[in-house]
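Close look at the chain arrangement
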Amino acid sequence: NAGVTQTPKFQVLKTGQSMTLQCAQDMNHEYMSWYRQDPGMGLRLIHYSVGAGITDQGEVPNGYNVSRSTTEDFPLRLLSAAPSQTSVYFCASSYSSGSTGELFFGEGSRLTVL
Amino acid sequence: LAKTTQPISMDSYEGQEVNITCSHNNIATNDYITWYQQFPSQGPRFIIQGYKTKVTNEVASLFIPADRKSSTLSLPRVSLSDTAVYYCLVGETGYSTLTFGKGTMLLVSP
């Protein structure tokens, strides 16, 4: 079982460029989410989805777009990258959107915006 | 949302038992307490979850007093590989409302 797979693991962008961070899970989980983690900080929720076709904003959604066309995939799009978006991004999934049970995380995608 | 407070860092030696306490004075009736572990350059990993009294699994124990205003994660006989950041989360309404604070950085030395 692959679990939660994120690609790419590393990316360098120039200010204004766009890119998509990919996230896929093979556990048939309904809930998926994206977090960012900055040095010395905890994780902050960017966007989340409780099922295919349903997405919502988290704590820090500005500058990011998401979509959920399938249960397995939850890509995160940066339309015009800014240096403030330099961070490590984690995708997570869970069987349900409730906070009981286990939240599974990917290994992270480290993004640098110059 | 219940706010949590935990120590910024803790030091220990191999073979010792480590107890990390988390305060959550405003915990709600339906809130669960969950702990995650994060190694450098990896995503957090679920350790244990509980509602009251004591929960034990192959990795750790979680002690929750009757008033549920705090909880203690207990790691028996830590090793160097237990060096990580440990997060205490409290919530019930959904993962979208859970907050990962700065956690507790546990450093285990030889």
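This text gives an overview of the structure that appears in the document.

The rules we used
Residues numbered from 1 in each chain as written. Chains lettered and ligands numbered in written order. Predicted model: local features only at pLDDT ≥ 70, side-chain atom pairs only at ≥ 80, totals over all residues. Heavy atoms only, no water. Disulfide = S-S within 2.5 Å. Helix = DSSP H or I, 4+ residues; strand = E, 2+ residues; numbered from the N terminus. Buried < 20%, exposed > 50% of the residue type's maximum accessible area, 1.4 Å probe, protein only. Contact = heavy atoms within 4.5 Å. Buried area = accessible area lost by both parts, 1.4 Å probe. Salt bridge = Lys/Arg side-chain N within 4 Å of Asp/Glu carboxyl O. Polar contact = N/O pair within 3.5 Å; in protein donor to acceptor, adjacent residues only side chain to side chain. Nonpolar A, V, L, I, M, F, W, Y, C, P; charged D, E, K, R; others polar.

1. Let's talk about the state of the cysteines
Throughout the structure, instances matching the rule amount to 2 disulfides over all chains. Paired by a disulfide, cysteine 23 of chain A and cysteine 91 of chain A hold their sulfur atoms 1.9 Å apart. Disulfide cysteine 23 of chain A to cysteine 91 of chain A: torsion about the S-S bond roughly -75 degrees, handedness left-handed. Separated by 68 residues along the polypeptide, cysteine 23 of chain A in strand S3 (residues 19-25) and cysteine 91 of chain A in strand S9 (residues 87-94) bring together distant segments of the chain. Like cysteine 91 of chain A, cysteine 23 of chain A is buried. Note on cysteine connectivity: cysteine 22 of chain B is disulfide-linked to cysteine 88 of chain B, with sulfurs 2.2 Å apart. Its torsion about the S-S bond being -80 degrees, the disulfide of cysteine 22 of chain B and cysteine 88 of chain B is classed as left-handed. In this pair, cysteine 22 of chain B is assigned in strand S2 (residues 18-23) and cysteine 88 of chain B in strand S8 (residues 84-91), connecting sequence segments 66 residues apart. Residue cysteine 22 of chain B is classed as buried on the basis of its relative accessible area of 0%.

2. Digging into the interface of chain A and chain B
The interface of chain A with chain B comprises 23 residues on the first partner and 21 residues on the second. Between chain A and chain B the total buried area reaches about 1700 Å² when both faces are included, carbon and sulfur atoms providing 57% of it. The largest per-residue losses of area from chain A upon contact with chain B belong to Leu43, Ser99 and Phe105 of chain A, which jointly make up 30% of the total buried on that side. Linking chain A with chain B are 0 salt bridges, by the criterion used here. Put simply, chain A and chain B have 3 residue pairs in polar contact (both at pLDDT 80 or more) between them. Residues belonging to the side of chain A that touches chain B are distributed by class as follows: 9 nonpolar, 11 polar and 3 charged.

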